[in-house]
There are 4 protein chains.
Amino acid sequence: MRILISNDDGYFSPGIEALAQALRAYGEVTVVAPERDRSGASNSLTLDRPLMLRRAPNGFWFVNGTPSDCVHLAVTGMLDVVPDMVVSGINLGANMGDDTIYSGTVAAAMEGYLLGVPSLAISLVSKNPQSFVAAAAIAAQLVARAQANPLGRVLLNVNVPDLPLEAIKGIEVTRLGRRHKAEPLIKGTNPRGETVYWIGPAGGAADAGPGTDFHAVEQGYVSVTPLQIDLTDYEGIDALRAWLA
Amino acid sequence: MRILISNDDGYFSPGIEALAQALRAYGEVTVVAPERDRSGASNSLTLDRPLMLRRAPNGFWFVNGTPSDCVHLAVTGMLDVVPDMVVSGINLGANMGDDTIYSGTVAAAMEGYLLGVPSLAISLVSKNPQSFVAAAAIAAQLVARAQANPLGRVLLNVNVPDLPLEAIKGIEVTRLGRRHKAEPLIKGTNPRGETVYWIGPAGGAADAGPGTDFHAVEQGYVSVTPLQIDLTDYEGIDALRAWLA
Amino acid sequence: MRILISNDDGYFSPGIEALAQALRAYGEVTVVAPERDRSGASNSLTLDRPLMLRRAPNGFWFVNGTPSDCVHLAVTGMLDVVPDMVVSGINLGANMGDDTIYSGTVAAAMEGYLLGVPSLAISLVSKNPQSFVAAAAIAAQLVARAQANPLGRVLLNVNVPDLPLEAIKGIEVTRLGRRHKAEPLIKGTNPRGETVYWIGPAGGAADAGPGTDFHAVEQGYVSVTPLQIDLTDYEGIDALRAWLA
Amino acid sequence: MRILISNDDGYFSPGIEALAQALRAYGEVTVVAPERDRSGASNSLTLDRPLMLRRAPNGFWFVNGTPSDCVHLAVTGMLDVVPDMVVSGINLGANMGDDTIYSGTVAAAMEGYLLGVPSLAISLVSKNPQSFVAAAAIAAQLVARAQANPLGRVLLNVNVPDLPLEAIKGIEVTRLGRRHKAEPLIKGTNPRGETVYWIGPAGGAADAGPGTDFHAVEQGYVSVTPLQIDLTDYEGIDALRAWLA
C-alpha cells in the first residue's frame, strides 16, 4: 500500500512525524508537506508562481506552497504511481463544523479525494495537543481497516480527543456541527503606530448536539465524518426558481 | 440598502470597478478587496499576522490579506453596521463545478454568508473577459430583486457567459457540475537551473449535462446556483457505520 | 529626457504620485513600482518566482516584486530605451544614516545606478509627512539641473525636511550620519496565544554633527548625500593582513 | 565564547549544519535562521508583521522572517547575553563584488555588526557546492583565531573555493571586485498564458584583477574582505558641491 502524507502545520510538525512513524507499518510512506505553517490555508492553490520540492534529512519532502499544492504536486506529477491513500495531519487543533471550510489539513485530504484517492484528515482536539501517539494509532487503525476492506472513494474527517489511547471511548460516525459566528476583529496598533487588525478566534460550538462531531469528541469519542464536496444547496433550488420567476 | 463588495482579483480589477459602479444605484456601496491578485485563495484566512486597511484614491479600501479576510474584517469590525448584502466579483474567469472549492471569489461571498449576510458571487466565463457591463447589469438585477423581495439567508453562485447583455438568453437555476481531474503538473527549469513545478490547468467539464452550471452557460444562460456549506456526506453515513462496525 | 520612477511604499502612495506629477514637465515619465508596501525591502531581488507587470488606470505600472525588482525589470527588459535617470520616492519617512542599508527607496535608486543610470532617492523626513509638493519641487529642481548639466554616473540620497517649500533654507551636501543601535524587540502575544516578536524602531541619531544628513535636515536644509556601493573597508585591510599573518 | 549562527538558505541547509557542527568545538552555538530559502533577501527587515520563533528537532531555531530579522531578533531580545560573534553561512554560492549588496548571507552578518558584534559571512563559490567540510574548517580557523586574538568590531566577508581543504592554497585579504551589469530579463509565459519575467543571472566578473575577491578565489585562495557600511561617496562630495553651487 502506498500512502501519501501531508498536513498544514509544516513538514517539521510533531503531528506529521507521529503520523508518518505510525503508518510506515502499513505501507510505503511518502511525506510531502508545506515548508512552513500554512494553517488556515483552506483549499488555496498557488497559481502565480512555480513550486519547488526539497528534501529534509529525515526523508520528508517539503514544498514552498499550500497543503493542496503539496498533494496536487505529489499526485499529478511527482510520484510515479498514484497513492492508494492520502492521510493529512495530525493537525494541532480541532477541525470540526465550519472549520472544515478553512482548514488546510482537510484541504490536503480533499485534494487527494478530488484526484480520485481515498483520503483522510486527522486532527487533535486541543489548544495544546499532547496525545500524538494516540491519534497516530487511531489513524493507523483506520488505514489498516481500509487496507483489509477498501471503502471506495471516500473523504473522512477525523477528530480525536486529546486523551491517552486507553481513555478514548470508541469511534463515532458523525455529521459536521456548526459554530457560532466568529469572534469580532481584534484591533490594535503596531510598533510603527499604525492601526492593525487580527482576525478573531472561531466561534464556539452552536449546533453541537448528539450526532455531531463536536458532541462525539466532547463525550470522549473519536469523530469520523464522511465528507463530500458538492456545495449545491439542492433544497434551495425550488425556492430560488420561484424567486426568480 | 448597504452593500459590501469584494473580489479575489484585487481592488484594481476592472471587474470590481464595473460591479461597484452598477450597484451604487441600489444602495450605499463599500468596497473592501485584496491589495493584490489572490486568485485561487479559496477560504484562506490570515491568522499569523495582522491586517491593514488602506484607501485608494477612488474610495475603495484594500487589505493585505485574502478575499475571506476582507469580508471578515469589514463585517466583524470595520463597518459600523452589518451590510444587507455581500457581492463578490466580477471574477475574470469561470467559477463552476469544483472551481467553487478553490475560488477566492466564491470564498468572499461564503464568508459573508457564514457571518449571516445574504451573499452573491459573480464570475464572467471567459479566459479573456469583455462583457463586464453585462455581468454588472446581471448583478444589479439580482440585487434589485433581493431588495424588493428578500430571499433570506442565501449564498448564490452566479456565472455569466461573456456575451453582450442582449445576447444572453435568460437566467437558469442550476446545480454545480463537476470537472475532470486537473491536468498534470508542468515541470520546468527556472533561470537558476532548478527544477520547478507549475500547478496545471483545471480539468474540462465532466458532469456538464442539463441542469448544471456548465450546461446553462454553454447554452448562453446566466447560471445561478444556490450553495450551502455543510460538507457532510449524509448518504455515506450508514455505509461508513457498517464499515466501522 | 526619459525618467523612470519607482518607490517602496507601493504604486498607490501619495509620494510617488506627487513625484510623477512634478517630473512630467521635464521629460517622459514611466512609473514602475511595487504592487504593495515594501518598506524595509532593502536591495532584495525576487529570484524564486517570476514577476508580472500590471497597469493601473492612471498609467502607472505595478509589479508583484520588490523596489529593486521594479527598476531591474524596467531597465533590463521592459523599456525599449534605457532611461536617462531613475528617481525613487517620495518616501514617507527619513532615509538617513544606517537607514540607507535597509531602505527600499534607496535600493530602487541603487539598482538604477548599478545598471549604469544616474539615480536619485528622495525621502520626506517625518512620521506623518505633509509636504509632498515641496519635496516634489526639490526633486524637479535636481532633475532640471541634471538635465542642463549632466553629473555623470551618480547615486544621490536626498532627504527633505517636512516643511513648506518657502521654509526650506537650502540644499546641503552631506555625508551619512549614524544611528544608535535599534530599540529592543517588542515581545507580545497574538490572538492565538502564541508569543510573537516585532522588530523594534530604529535607533535615534548617534553621529549627527555638522556635515551629516541628520544635521542638515535638523537645521531645515535639504540633505543630498552622494553614495557609492563598494563596501570594502579599505582602511581595515592592513590590520586584517597583520591579524591573519 | 558565544556564537550566533544564521544564513539565508534556510535552517535546513547543509551549509548551516556543517557550520554549526564545526563551530561547536569553540563555544556555545545558537542557530537562528530563516524557515525558508531567503536567498537575495539583502538587508530586508520585516516591519509589517510580527515574527515567530520555532525550534527544530536538532535544536536549531527558525523564524518566519529574513536573515536580518533572525540576527536582529536573537541579539535584541531572544538571547540573554549578546553573542561574542555572529557567523552567517555557509552560503550555497559566491558572494563577491556587487553580490554583497543583495546577499542575505552578508546581510545577516551585517546585522550583527550593526548591533556591535564582530561578524563573519562565509560562502562557497560554486553553483553546486560540495566542500562544506572544508569551508566549515576555514570558518572554524577564523573563529579560533578571533578567540585567541580579538580583532575588534569587524565585518568579514569570506568566500571559499569549492575545493578539498588540502587543495586550498591559503587565505588572501582582498577588496571587493565588481561584476558586469546583470544579464537581461528572461521573458516567458506562465501556464495561464500570462507574460511573466524572471530576473536574469548576475553579470560575470568585470573588475577581477589581482587584489580582488574574484581573483583570489579564482587562484584557489580563500578570500577575506573587510567590509564597512558607510555608503557615503566621500570623493564625490566636492564635485557635488560644485555642481549644486
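If you're wondering where the values come from, they're calculated on a predicted model, not measured in any experiment.

K.L.:
Please give an account of the overall build of chain A that cites residues and values.
P.N.:
Across its full length, chain A holds seven helices and 13 strands. The C-alpha atoms of chain A give a radius of gyration of 19 Å, which matches the 18 Å a tight globule of 245 residues would have. Counting over 245 residues, chain A shows a buried share of 62%. Look at the contacts in chain A between residues 6 or more apart in sequence, and 75% of them connect residues 24 or more apart. Of the roughly 8,700 Å² of accessible surface on chain A, a fraction of 49% belongs to carbon and sulfur atoms. Averaging the positions of the 18 positive and the 25 negative side-chain charges in chain A gives two centres separated by 3 Å.

K.L.:
Go over the interface of chain D and chain B with me, naming the residues and quoting the values.
P.N.:
It is common to give the size of an interface as the accessible area lost on bringing the parts into contact. Across the contact, 10 residues belong to chain D and 10 residues belong to chain B. Carbon and sulfur atoms make up 64% of the surface buried where chain D meets chain B, a total of about 990 Å² over both sides. Inspection of the region where chain D meets chain B yields two salt bridges. Between B:Asp48 and D:Arg49 there is a salt bridge, with the nearest N and O atoms lying 3.5 Å from each other. For the interface between chain D and chain B, the tally reads two residue pairs in polar contact (both at pLDDT 80 or more). Looking at side-chain class alone, the side of chain D that touches chain B contains five nonpolar, two polar and three charged residues.

K.L.:
Which residues make up the sheet that holds strand E7 (residues 155-161) of chain D, and what are the values?
P.N.:
Taken together, the nine strands give an open sheet; going across it, the order is E3-E4-E2-E1-E5-E6-E7-E13-E8 (chain D), and neighbouring strands pair in mixed fashion. In this open sheet, the two edge strands, each paired with only one partner strand, are strand E3 (53-55) and strand E8 (170-173) of chain D. Sheet twist, expressed as the mean angle between neighbouring strand axes with direction ignored, is 25°. Each of E7, E8 and strand E13 (221-226) of chain D touches helix H7 (residues 237-244) of chain C; the most contacted strand, E8(D), lies at about 160° to it. The sheet strands contacting helix H2 (residues 67-78) of chain D are strand E1 (2-6), strand E2 (28-34), E3, strand E4 (61-63) and strand E5 (85-92) of chain D, and the helix crosses E2(D) at an angle near 135°.

K.L.:
Tell me about the packing of helix H1 (residues 14-23) of chain B against helix H5 (residues 132-148) of chain B, and name the residues and values.
P.N.:
Residues and elements named next belong to chain B. Between H1 and H5, whose axes approach to 9 Å, the crossing angle comes to 45°. By the angle between their directions, the pair H1 and H5 is classed as oblique. The handedness of the crossing between H1 and H5 is right-handed. Between H1 and H5, the contacting residues are Pro 14, Gly 15, Ala 18, Leu 19, Ala 22 and Leu 23 on the first element and Phe 132, Ala 136, Ala 139, Ala 140 and Val 143 on the second. Looking at the contact of H1 with H5, its residues break down into 10 nonpolar, one polar and no charged.

K.L.:
Mind laying out the pattern of salt bridges, listing which residues take part and the relevant values?
P.N.:
All names here are of chain A. Under the definition given, this model contains 24 salt bridges over all chains. Residue Arg 192 pairs with Glu 194 through a salt bridge whose shortest N-O separation is 4.0 Å. Residue Glu 194 is classed as partly exposed on the basis of its relative accessible area, which comes to 23%.

K.L.:
How would you sum up helix H4 (residues 104-114) of chain D? Please name residues and give values.
P.N.:
Residue and element names in this part refer to chain D. With 11 of 11 residues buried, H4 is to be regarded as a mostly interior element. Restricting attention to buried positions, one finds in H4 the residues Gly 104, Thr 105, Val 106, Ala 107, Ala 108, Ala 109, Met 110, Glu 111, Gly 112, Tyr 113 and Leu 114. For H4, the capping residue at the N-terminal end is Ser 103, with a side-chain oxygen 3.1 Å from the backbone nitrogen of Thr 105. A positive phi of about 95° marks Gly 116, the residue just after H4.

K.L.:
Describe the relation of the copies chain D and chain B, and please don't skip the residues or the numbers.
P.N.:
Take chain D, turn it by 180°, move it 0.0 Å along the axis, and it overlays chain B with an RMSD of 0.0 Å. Both copies of the chain, as the preceding transformation shows, are related through a two-fold rotation axis. Taking C-alpha positions as reference, the residue of chain D nearest the rotation axis is D:Arg49, located at 2.7 Å. By residue overlap, the copies meet face to face through one surface: 90% of the interface positions of chain D are interface positions in chain B.

K.L.:
Go over unusual backbone geometry with me, naming the residues and quoting the values.
P.N.:
Residue and element names in this part refer to chain A. Cis geometry is found at the peptide bond from Gly 89 to Ile 90, where omega equals -10°. Structurally, the position occupied by Ile 90 is in strand E5 (residues 85-92). Phi angles above zero are rare outside glycine, and Ser 42 is one such case at about 50°. Looking at the element boundaries, Ser 42 is found in the loop between strand E2 (28-34) and strand E3 (53-55).

K.L.:
Give me the lowdown on the UniProt feature "binding site: a divalent metal cation" (unreviewed entry) in chain A, citing residues and values where you can.
P.N.:
Residues and elements named next belong to chain A. If you check UniProt for "binding site: a divalent metal cation" (unreviewed entry), the listed places come out as Asp 8, Asp 9, Ser 39 and Asn 91 in our numbering. Taken along the chain, the residues just named run across 84 residues; in space they keep tight, none of their C-alpha pairs more than 9.0 Å apart. Relative to the assigned elements, Asp 9 resides in the loop between strand E1 (2-6) and helix H1 (14-23). When neighbours within four sequence positions are excluded, Asp 9 is seen to be in contact with Arg 36, Asp 37, Ser 39, Ile 90, Asn 91 and Leu 92. Looking at Asp 9, its side chain comes within polar contact range of the side chain of Ser 39, at 3.1 Å.

K.L.:
Describe the sheet that holds strand E5 (residues 85-92) of chain B, listing the residues and the values that go with them.
P.N.:
Residue and element names in this part refer to chain B. Pairing is mixed in the open sheet, where nine strands are placed in the order E3-E4-E2-E1-E5-E6-E7-E13-E8. Each of the sheet's edge strands pairs with one partner strand only, and the pair in question is strand E3 (53-55) and strand E8 (171-173). Shown here is a sheet whose adjacent strand axes are inclined to one another by a mean of 25°, direction ignored. Its contacts with the sheet put H1 on strand E1 (2-6), strand E2 (28-34), E5 and strand E6 (119-125), and the angle it makes with E5 is roughly 140°.

K.L.:
Break down the interface of chain A and chain B for me, with residues and values.
P.N.:
Residue-level contacts link 73 residues of chain A with 73 residues of chain B. In total, chain A and chain B occlude about 6,700 Å² of area from one another, counting both sides; carbon and sulfur atoms represent 68% of this. Considering only the side of chain A, the residues that lose the most area to chain B are A:Ile199, A:Leu231 and A:Trp243, jointly responsible for 14% of the buried surface there. Our enumeration of links across chain A and chain B arrives at zero salt bridges. Where chain A packs against chain B, one counts 25 residue pairs in polar contact (both at pLDDT 80 or more). Looking at the side of chain A that touches chain B, the elements that each hand over two or more residues are helix H2 (67-78), helix H3 (99-102), helix H4 (104-114), helix H5 (132-148), strand E8 (171-173), strand E11 (195-198), strand E13 (222-226) and helix H7 (237-244) of chain A. Of all the elements, H2(A) adds the most residues to the side of chain A that touches chain B, at six residues. Split into classes, the residues belonging to the side of chain A that touches chain B amount to 40 nonpolar, 19 polar and 14 charged.

Cut-off values and rules
- Residue numbers run consecutively from 1 along every chain, following the written order of its sequence.
- Chain letters start at A and ligand numbers start at 1, both assigned in the order the entries are written.
- For a predicted model such as this one, the threshold for reporting local features is a pLDDT of at least 70, and the threshold for listing and counting side-chain atom pairs is 80 or more; totals across whole chains, interfaces and linings nevertheless cover every residue.
- Heavy atoms from the whole structure form the basis of all side-chain values; hydrogens and water molecules are not counted.
- Segments assigned H or I by DSSP are reported as helices when at least four residues long, segments assigned E as strands when at least two residues long, and all are numbered from the N terminus.
- Computation of the radius of gyration draws on C-alpha atoms alone. For the globule rule, the value is 2.2 Å times the number of residues to the power 0.38.
- Per-residue accessibility, obtained with a 1.4 Å probe over protein chains only, is compared with the maximum for each type, and a residue is labelled buried under 20%, exposed over 50%, and partly exposed between these values.
- By the convention used here, residues are in contact when the closest approach between their heavy atoms is within 4.5 Å.
- Accessible surface is estimated by sampling points in the Shrake-Rupley manner with a 1.4 Å probe; for residues, cover comes only from the protein chains shown.
- Neither His nor the chain termini are counted; the positive set is Lys and Arg, and the negative set is Asp and Glu.
- Throughout, a charge is located at the NZ atom of Lys, the CZ atom of Arg, the CG atom of Asp or the CD atom of Glu.
- Two parts placed together each lose some accessible area under a 1.4 Å probe, and adding up what both lose gives the buried area.
- In the sections that follow, a salt bridge refers to a side-chain nitrogen of Lys or Arg positioned within 4 Å of a carboxyl oxygen of Asp or Glu.
- We call two N or O atoms a polar contact when they sit within 3.5 Å, provided that within protein one can donate a hydrogen and the other can accept it, with sequence-adjacent residues counted only if both atoms are side-chain atoms.
- When residues are sorted by character, Ala, Val, Leu, Ile, Met, Phe, Trp, Tyr, Cys and Pro go into the nonpolar class, Asp, Glu, Lys and Arg into the charged class, and all the rest, Gly among them, into the polar class.
- Note on pairing: two strands pair once DSSP finds at least 2 bridges between them.
- Only the stretch in contact is used when fitting a helix axis, every axis being a line fitted to C-alpha atoms; angles between N-to-C directions are given from 0 to 180 degrees.
- Put simply, angles under 35 degrees are roughly parallel, angles over 145 are roughly antiparallel, angles from 65 to 115 are roughly perpendicular, and the rest are oblique.
- By convention the crossing between two helices is left-handed if the near helix lies anticlockwise of the far one by an angle smaller than a right angle, and right-handed if it lies clockwise.
- Only residues with pLDDT of at least 70 in both copies count here: their C-alpha atoms drive the least-squares fit that superposes the copies.
- UniProt positions are given in the numbering used here, feature names are shortened, and annotations may be inferred rather than shown by experiment.

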